[in-house]
Amino acid sequence: MLGFHLEPSLFGPSFIVGIANAGIYSVLAVALVLTFKISRTIGFMHYGVAVIGAYGYYHFTAEYHWNGIACLLVLVGIGTVIGGLYGLLVMNQRIAFLPRITLSMISLAVMLLLTAFATRLFPVRPDVALSPSPFGEHAVRIWSYNVTIHRIVSLGITVALVILLALWLNGTRAGVNVRAISDDVEAARWSGIRLFRIGVGAYAASGAMSCLAGALLAPTAGTDISAMLLVFFRALTVAVVGGFRSPMLALLGACVLSLTETFCTTSALGEIGPGTKETAIFVMMVLTALVVAKLRRTGHRLEVEVL
Amino acid sequence: MSDRRRELEIPKLAVENLRAGYDGVPVLFDVNFDIWPAEIVVLCGGNGAGKSTMLKAIMGTVQVLGGEMRLDDQKINKWPPHRRTKAGISFSPEGRRVFATLSVKENLHAGASHVPTAELEERCQEVYEYFPVLGEREGQLAGTLSGGEQQMVAIGRALMPRPDLILVEEPSQGLAPVMVDRVYHALQRICLDRGVSVLIAEQFQQLRENDCDRVLVIDKGTVVPYESLSRS
Amino acid sequence: MRHRTALDDVVFEEIDTSRNPYSKARPLTALLRQPLNILLGILALTWIYPVRDYWVFTISAGMIVAIVALGIMVMTGWCREVNLASAGVYATSLYLSSYVYREQPGWGKPLWCAVLASIGIGAGIMLGVSLLSVRFSGVYVMVFTLGVQIMVERIMFTRYHLTGGDTALENPRPVFFGHHMEGHDRQFYMFLLVVLVLVMALLCRVRYSPYGRAMMLAGADQQSAAAVGISPWKAKALGFGICGALSGLSGIMAAMLFVSAPTTVNYQATTSLLWLSIAILGGFDSMTAVVGVALLFQGVPFLLEKFHVDYQGLAGIALLAGVLCGARGVGGRLQDIYRRLRFGPAVKRRAARPNTLTTSASVLSRADGIVDLAEYGGAAPAARRQALETLEGWFPARRTEPIALSAENIWMSFGGVKALQGANIEVPTGSFTGLIGPNGAGKTTLFDVVSGLQRPDRGTVRLFGENVTGMRPWTRAGLGMTRTFQTQRTIKELGVCDNLLAGAGLRIHGNLGQFVIGQPRVWRQVRAAEEAAWAIAQLLNIDRYWDERVGELEFSARRRTELGRALMSGPQILLLDEPTSGLDPASSAALIGLVRQLQADLGLTVLLVEHYVKAVLESCDLVYVLAEGRTLAHGDPLAVAANAEVQTHYLGAGASSSTVPWRQRMAEERRTAARV
């Protein structure tokens, strides 16, 4: 099971595929980072929105035969609406200051409801397994390995999104307000920043991102909910490891994680079973979280890391 | 200010029979006082006396359990903090509470949420006039500044929306006396030049009787006369 | 030598001294005495006879889920750690233990082997996760358990020789008294019923033992738990372990129930969430409600089909409902309704038993804070004497070393702030010592260092001469030091009695096994603890709130509950962190007076941090003044108050930087500037 022997010829293609996969993880991770900055809770509901995106894309292309790009745009719109509605729910005065565990559980509940809704509203057809990619079915040859256009464009969209978000956070007034809120929410309130408006906006934006991520997943993962949960958990791992700090860190973390995973799956490091791979990734997450916590330690004995 | 003039004007901020506290438990009991335009008032008291709660109640982040607060004769009990900022009250909290990961300029911008972008630069320059050292360190991260400079950032942030009333919580805390002088001096200039009222909360031992117009003493949640300040 | 104050002339009011009305020291008998439980018991035994087979099967399956849900109730309700891996752990033990039990493919070991293996696997996995959560809590634990669930799905569920893949493997049927049983057999249901009742009985015993209360306090607030001698990590690990063990137990039960082991699709993350929601909805303090909700969720699958709601939808709705119901869940709400029906509305109940601490006091409060009390409420002299006697029996022998606590040359800085710069404190045994100082002087940091929550950069802390600088907070509590906190740290959903008893752990000796078995020796100590708690409640005037939820009480009553909890640990030295913060002048003075009386009667040593300077100078034997991280002055209160340095730094009129009013000065400056 732990047969390590290197296969150099597989390094190149593993690298490419790994980077390309990172794209999907980082979009979700960035959405998680954004909502964490606003509310200091983990946005589990993003998984639900991603499922709606995936199932919706599948349904629109399979049932109505819409153009792929049009589907993406429509789904981004749907994601924005769902995110905005969720923001309205949780940024409300009475709910916003509930304990974080309660808010996380509300997020979990909404995630489940959205998933149920998606599977009910967009039923799986027996004759269509995977959806067509919105960017065509060509493949490009890089280093003697075929990489689909879909993967490349997804990666491109991701990088563009992350850069845009980083620019927005640092350049615009609303972005500055979001960073102020994430720095010190009480002081932000006293400074006259409108928490409600900014919160709803941030949730809407992250909803759009998760829906897009889900739609981009549909051509590769189909409607396999378990696979999607795995992707979501990878994104969560990435976000946790980065301490929910910044979009760029999320992208970097996603690359590292995805590369690790791809190298394991493509036997570039020898025959590694899925069990070892999963355990290795889990251990990596825990260790990094411990190291990050250690670096931020204030010396208080019972100050437990509650993110 | 003469009593005759007081009869004609309405106070900038009128607090009447205010009861406020946390989770339904009052910390302030039937507080009554007025703040007039263009005056500096110090709210003096020990810890746990309620100074912090008082300022936060005026700012809108503490639950009001009874009584009334009026800004220019408008009842503001139920107004959210951003509305009060827009109406002319701003707050510099205890311990400065600057946004450590934002630069000085971004901190100032954060305090001016409802100010149109075109005016932002002008207002920043106004702040730099009172605190030149901030102008020199515009781009520096606020977390790396000294205590005195952070206090200036906090007050500057509170100045950005051009308020009529600034609430300053314990500006002397943790600062060297010469820094405290500078801060008070700036506040006095602001009061004189712009007719801004300043309500400063301070501890007894930091009280500067000649650097303000009036002293209000708060003790265990009630405002008591200043004469009793002398202790046996 | 402290001078006489008005507090020495107080007149006590006569109150009723009825006995403790709500003993839970015999938890099982208490449970059986409730008529509802007897009714449910009879129902559970008789309903199976007239109904059809598939109902028995469904309810049996529901009972298995109920066992898992009870485990989650312990972990998530008591220890407040959210578990998202319950289905994964359950499935792992189900597949692994049925492998142990099955003849082919399998090991063919006897049934009891499989049961033990199952429980062991479950507890083992969850204890492993608890090790990870030593430094992490809250949301991190959610993420870690979700990770475990996903790992199980990826690792376990792909081992087809264990799970059977799409075509499930067959389980051998359990044999009882030489009789092969089917899942729908009434006898198997009886067996399951016995197991469920045993689990509930054991959990009941744990709940009312110090271990259960330790879990609840550690879940509510780790620092308070440490302050009364509970190691929060150990307490939470116990919760994790119980949850895992019960998941494991239900796994093997399920293996016996289902003729063919269900496919893995039933045990994915969604199922974990559904079971989590059962525990939340049922409520953390009502096992009957949790079992009821579990049975309900199992018994209405056909309803789900009618309304087109699938498993995920149900889980989502249930979670939302659970969150809305709050920590006490449906069970708690039902309990409230029952109490309202029996005792009347809560508001009326409390009005009938008023707080007499300051109602009959005519308080003269002068501007500088001195309070003359004409009379204030308290226990009647006879009741007071008896309560004090009970407490004398409860408290350990007083230590005789001259110096109870000393902190020598403490230096502490963090984040660039020098909080303490060579602070020194010495608290003589049996004294009532006060610590005052301006804000930012380092009082709370000093307290943290002394109680063990912070490790100083330099300096030593000695407790009765013993160097405790390196010791954990709960070990220090074991040596006799207890501390209270400035902010409210009670278990809001529980009554005053449970909150008080949460502090008794240090004085009760016995391991978990002894409590669970019901060994009379250890449970006698629990009864003694209840007597002591009742005595403390009388002395602190909160006996009238004995079974009221602390979260609904008024502020000073909550404060006194915390003080009572600290007293329950039988401390030698009590550290009080601003006990009067948030109280009005009258209640503040009364509280300090109360503490002073208790200190004198029980021979405690008390170190008090306060901002209510006048009260400290009035009532303390010894006063320390801290300023800028150093001890500025110490000694007799009068001497300290007269000290010139203290006057200028803290008590006296402030530093005026100029003698000229500022407007005049500014006008001068401007005139000078204009002339230039």
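As the structure is a computational prediction, the values presented were derived from the model and not from experiment. (Residues numbered from 1 in each chain as written. Chains lettered and ligands numbered in written order. Predicted model: local features only at pLDDT ≥ 70, side-chain atom pairs only at ≥ 80, totals over all residues.)

1. Regarding the sheet that holds strand β9 (residues 466-467) of chain C
Residue and element names in this part refer to chain C. Keep this limit in mind: A pair of strands counts as paired when DSSP detects no fewer than two bridges linking them. Only DSSP runs of H or I with at least four residues qualify as helices, and only runs of E with at least two residues qualify as strands; both kinds are numbered from the N terminus onward.
The 4 strands lie next to each other as β6-β5-β8-β9, forming an open sheet whose pairing is antiparallel. Each of the sheet's edge strands pairs with one partner strand only, and the pair in question is β6 (417-428) and β9. Relative to β6, strand β5 (residues 403-414) runs antiparallel, the two sharing 9 bridges. Paired with W411 across the strands is Q421, a residue of β6.

2. Describing the nonpolar core
For clarity, the cut-off: A set of buried Ala, Val, Leu, Ile, Met, Phe, Trp, Tyr and Cys residues, joined through C-beta atoms within 7 Å, is what we mean by a nonpolar core. Here exposure depends only on C-beta density: within 10 Å of a residue's C-beta, 20 or more other C-beta atoms make it buried, 12 or fewer make it exposed, and intermediate numbers make it partly exposed, the C-beta atoms being placed from the backbone. The domain limits used here are those given by an automatic or database domain assignment.
C:A69 and C:V290 are the most contacted members of the largest nonpolar core, which has 372 residues in total. For this core, the element with the highest residue contribution is helix α9 (residues 195-221) of chain A, accounting for 17 residues. In terms of domain composition, this core takes at least three residues from each of domain 1 (55-173 + 181-268) and domain 2 (387-651) of chain C.

3. What about the packing of helix α3 (residues 53-78) of chain C against helix α13 (residues 287-299) of chain C?
All names here are of chain C. Selection rule: What counts as an axis is a line fitted to C-alpha atoms, over the stretch in contact for a helix, and the angles between N-to-C directions run from 0 to 180 degrees. Should an angle lie under 35 degrees it is considered roughly parallel, over 145 roughly antiparallel, and from 65 to 115 roughly perpendicular; all remaining angles are considered oblique. Put simply, a crossing is left-handed when the front helix is turned counterclockwise from the back one by less than a right angle, and right-handed when it is turned clockwise. Two residues form a contact once the distance between their C-beta atoms, set from the backbone, is within 7 Å.
It is the contact of α3 with α13, at a shortest axis distance of 8 Å, that shows an interaxial angle of 135°. Between α3 and α13, the interaxial angle falls into the category oblique. Remark: the crossing between α3 and α13 carries right-handed chirality. Contact residues: T58, I59, A61, G62, V65, A66, A69, L70 and M73 in α3; M287, V290, V291, A294, L295, Q298 and G299 in α13.

4. A closer look at the pairing of strand β6 (residues 89-92) of chain B
Residue and element names in this part refer to chain B. Covered by surrounding structure in β6 are I89 and F91 together with S90 and S92, the residues of both alternating faces. When β6 meets strand β7 (residues 165-169), the two strands line up parallel, connected through 4 bridges. By the bridge assignment for β7, F91 is matched with L167.

5. Examining the packing of helix α9 (residues 210-220) of chain C against helix α11 (residues 232-257) of chain C
Two numbers describe a pair of packed helices, the interaxial angle and the distance between the axes. Residue and element names in this part refer to chain C. Packing of α9 against α11 leaves a shortest axis separation of 9 Å and a crossing angle of 110°. Classified by the angle between their axes, α9 and α11 sit roughly perpendicular to one another. Judged by residue contacts, Y211, A214, M215 and A218 of α9 engage P232, A235, K236, L238 and G239 from α11.

6. As for the domain arrangement of chain C
A common way to report how large an interface is uses the accessible area buried once the components associate. Residue and element names in this part refer to chain C. Here is the rule: Only Asp, Glu, Lys and Arg are considered charged, only Ala, Val, Leu, Ile, Met, Phe, Trp, Tyr, Cys and Pro nonpolar, and every remaining residue, Gly among them, polar.
As far as domains go, chain C holds domain 1 (55-173 + 181-268) and domain 2 (387-651). Here the C-alpha centroids of domain 1 and domain 2 sit 40 Å apart. Taken together, the contact between domain 1 and domain 2 spans 21 residues of the former and 28 residues of the latter. At the level of elements, α8 (186-207), α9 and α10 (222-227) are the ones that each hand at least two residues to the side of domain 1 that touches domain 2. Considering every element that reaches the side of domain 1 that touches domain 2, the biggest residue donor is α9, with 7 residues. The residue makeup of the side of domain 1 that touches domain 2, split by class, is 13 nonpolar, 5 polar and 3 charged.

7. Observations concerning the sheet that holds strand β10 (residues 481-483) of chain C
All names here are of chain C. Pairing in this open sheet of 6 strands is mixed, and the strands run β10-β11-β12-β7-β13-β14 from one edge to the other. The sheet is open, and its two edges are formed by β10 and β14 (630-635), each paired on a single side. Neighbouring strand axes in the sheet, compared pairwise and without regard to direction, differ in orientation by 15° on average. Examined bridge by bridge, strand β11 (residues 573-577) and strand β12 (residues 605-609) share 5 bridges and lie parallel to one another. In the sheet register, D577 faces β12, and the bridge partner there is V609. Helix-sheet contacts for helix α19 (residues 443-451) involve β7 (432-436), β10, β11, β12 and β13 (622-627), and the interaxial angle to β11 is about 150°.

8. Remarks on the interface of chain C and chain A
Opposite the 40 residues of chain C that make contact, chain A presents 40 residues. Listing elements by their share of the side of chain C that touches chain A, those giving two or more residues are α6 (139-155), α10, α12 (269-282) and α15 (311-325) of chain C. Ranked by the residues each element gives to the side of chain C that touches chain A, the list is headed by α6(C), at 11 residues. Split into classes, the residues belonging to the side of chain C that touches chain A amount to 21 nonpolar, 14 polar and 5 charged.

9. Here's the deal with unusual backbone geometry
Residues and elements named next belong to chain B. For R162, which is not glycine, the phi dihedral falls at a positive 50°. With respect to the helices and strands, R162 occurs in the loop between α7 (147-159) and β7. Residue classification places R162 among the partly exposed positions, given that 14 C-beta atoms sit within 10 Å. We note that E170 has phi near 45°; this positive angle belongs to a residue other than glycine. Mapping E170 onto the fold places it in the loop between β7 and α8 (177-194). Here E170 falls in the buried class, since 24 other C-beta atoms lie within 10 Å of it.

10. Some thoughts on the confidence of the model for chain C
All names here are of chain C. Basically, it comes down to this: In predicted models, pLDDT denotes the confidence assigned by the predictor to each residue on a 0 to 100 scale.
Within chain C, residue pLDDT values average 81, and 82% of them lie at 70 or more. Long-range and interchain partners of residues 1-18, a stretch whose pLDDT sits below 50, account for 29 contacts in this model, where long-range means more than four residues apart. Counted against residues more than four places away or in other chains, residues 356-377, with its pLDDT under 50, gives 60 contacts. At the level of chain-chain contacts, confidence expressed as ipTM amounts to 0.86, with global pTM at 0.83.

11. A short note on the environment of C:I508
All names here are of chain C. Along the chain, I508 falls in the loop between α21 (496-501) and α22 (512-517). Of the residues examined, I508 has 19 C-beta atoms within 10 Å and is grouped as partly exposed. Separated by 444 residues in sequence, I508 and I64 place their C-alpha atoms 34 Å apart. Residues within four places of I508 in sequence aside, it is in contact with P210, Q525, V526 and A529.

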